[in-house]
Amino acid sequence: MVGLKPSDVPPTMTVKFLGAGTAACFADLLTFPLDTAKVRLQIQGENQAAQAARLVQYRGVLGTILTMVRTEGPCSPYNGLVAGLQRQMSFASIRIGLYDSVKQFYTPKGSDNSSVTTRILAGCTTGAMAVTCAQPTDVVKVRFQASIHLGPGNDRKYSGTMDAYRTIAREEGVRGLWKGTWPNIMRNAIVNCAEMVTYDILKEKLLDSHLLTDNFPCHFVSAFGAGFCATVVASPVDVVKTRYMNSPPGQYLSPLDCMIKMVAQEGPTAFYKGLGTVAHTYNLSTLGGRGRWITRSGDRDHPGQQAVPEAEQSEDSQLFGKFGREEGVKIDLVEEINEETWNC
């Protein structure tokens, strides 16, 4: 084999948790301004923000970030970063760290490979567990991101991250910290299904039509398409989730009530507010997760791809598991690296 060989010793659960959480935090540092812009666009036009909206109007991804910097200071796109990093450490650690174990649990005994259905089920399960544990951090993050601070006369509701946890628990009860859990779980499930299925379909079509070979450009195009599809499908739930989590007590009776009022007051296009920022974030995260595969393929039906030599197949079989070899069937030797690392 070319390059470094993977360790024969699998990583411990602690290594998986810390590695996933740390990687997600670094990714969050880069994409957090986009996420803040998304929240501002999603709540724009809502009744409670009407007074501030008369003074500040956001247009587009870059326009929103520039307006925030001009009116609230250069640090404003990073409002809620502490809660965001807390969310990533808890959410990503559970979602990615437990993924392999849950996938093995769902995989039928005697099966060498996991089906797409098994992977989706494992992703939805670990995602639901992660959302349930990390929801308080998500609520606080959204509250900070949605807070518009235009000057000294406009006092902040929360003095800090820990004060936000205490204030929400005191004013709305402990259940207030888990506000919007079900829309968040639903959004996570939709993103899981849309990303994984679309990525695999697009990649397969690109290879079958000989447009691209199994390399980085193929992964990039597939990830971009998967991120776009996930954005379109999940955006309505994401907007409802953001507004419901940010709403004060009594504004909405339920996520369904939030959805109905939003459509009645702003029309169905409100479901796609902040679509551009969500697309940018999903595309970056999908590429980071679904594109991180080291693959060498040989297929008699794809002359553009070089077949793996037989001597090398035996070495890879010991490292990556048992792979079948039949006449006319593509041989895929895959080292799977954090196949569920996309950031949601």
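Here the structure is shown first, and the text comes after it.
What you are looking at is a predicted structure, and each value in this text was computed from that prediction instead of being measured.

**Student:** Any chance you could explain the overall build of the protein here in plain terms?
**Tutor:** Helix and strand content of the protein: 12 helices and 2 strands. Each helix (α) and strand (β) of the protein, taken in turn from the N terminus, gives the series α-α-α-α-α-α-α-α-α-α-α-β-α-β. The buried share of the protein, reckoned over its 344 residues, is 50%. Of all intrachain contacts in the protein linking residues separated by at least 6 positions in sequence, the fraction that spans at least 24 positions is 76%.

**Student:** What's the story with a nonpolar patch on the surface in this structure? I'm lost.
**Tutor:** Where nonpolar side chains cluster on the molecular surface, the patch consists of Phe 216, Phe 220, Val 221 and Phe 224 and spans about 400 Å² of accessible area. The exposure class assigned to Phe 224 is partly exposed, which follows from its relative accessible area of 45%.

**Student:** Sorry if this is basic, but what is going on with the packing of helix α9 (residues 216–246) against helix α10 (residues 255–266) here?
**Tutor:** Helix-helix packing is characterised by the crossing angle of the two axes and by the distance between the axes. In contact at an axis separation of 9 Å, α9 and α10 are set at 105° when each is read in the N-to-C sense. When the axes of α9 and α10 are compared, the pair comes out roughly perpendicular. For the pair α9 and α10, the contacting residues are Val 239, Val 240, Arg 243 and Tyr 244 in the first and Pro 255, Cys 258, Met 259, Met 262 and Glu 266 in the second. A breakdown of the residues in the contact of α9 with α10 according to their chemical character gives 7 nonpolar, no polar and 2 charged.

**Student:** Sorry if this is basic, but what is going on with the packing of aromatic side chains here?
**Tutor:** With the rule as written, the count across this model stands at 5 aromatic pairs. Measuring from ring centre to ring centre gives 6.1 Å for Phe 32 and Tyr 78, while their planes differ by 10°; the resulting arrangement is stacked. Of this pair, Phe 32 sits in helix α1 (residues 13–43) while Tyr 78 sits in the loop between α3 (61–72) and α4 (81–97), and the two are 46 residues apart along the sequence. For Phe 32, a relative accessible area of 0% puts it in the buried group. The interplanar angle of 55° and the centroid separation of 5.9 Å between the aromatic rings of Phe 144 and Tyr 158 together place this pair among those described as tilted.

**Student:** Explain the pattern of salt bridges here, please?
**Tutor:** Between side chains of opposite charge, pairing is possible as soon as their charged atoms come close. Here the structure, examined in full by the defined rule, presents 15 salt bridges. In this structure, Asp 138 engages Lys 141 in a salt bridge whose closest nitrogen and oxygen atoms are separated by 3.8 Å. Taken together, the residues span about one helical turn, with Asp 138 and Lys 141 both in helix α6 (residues 116–146) at a distance of 3 residues. Side by side, Asp 138 and Lys 141 carry an identical accessibility label, which is buried. Note that Arg 187 is salt-bridged to Asp 238, the shortest N-O span being 3.0 Å. With a gap of 51 residues between them, Arg 187 in helix α8 (residues 181–208) and Asp 238 in helix α9 connect regions that are remote in the sequence. By the burial criterion, Arg 187 is buried, and Asp 238 matches it. Counted as one network, the salt bridges with shared partners bring together Asp 35, Lys 38, Arg 87, Asp 138, Lys 141, Arg 187, Asp 238 and Lys 241.

What counts and what doesn't
- Residues numbered from 1 in each chain as written.
- Predicted model: local features only at pLDDT ≥ 70, side-chain atom pairs only at ≥ 80, totals over all residues.
- Heavy atoms only, no water.
- Helix = DSSP H or I, 4+ residues; strand = E, 2+ residues; numbered from the N terminus.
- Buried < 20%, exposed > 50% of the residue type's maximum accessible area, 1.4 Å probe, protein only.
- Contact = heavy atoms within 4.5 Å.
- Patch = residues over 30% accessible without salt bridge, like charges linked within 9 Å, V, L, I, M, F, W, Y side chains within 5 Å.
- Areas by Shrake-Rupley, 256 points an atom, 1.4 Å probe, with all protein chains shown as cover.
- Salt bridge = Lys/Arg side-chain N within 4 Å of Asp/Glu carboxyl O.
- Axes fitted to C-alpha atoms, helices over the stretch in contact; angles between N-to-C directions.
- Parallel < 35°, antiparallel > 145°, perpendicular 65-115°, else oblique.
- Nonpolar A, V, L, I, M, F, W, Y, C, P; charged D, E, K, R; others polar.
- Phe/Tyr/Trp six-rings, centres within 6.5 Å; stacked < 30°, edge-to-face > 60°.

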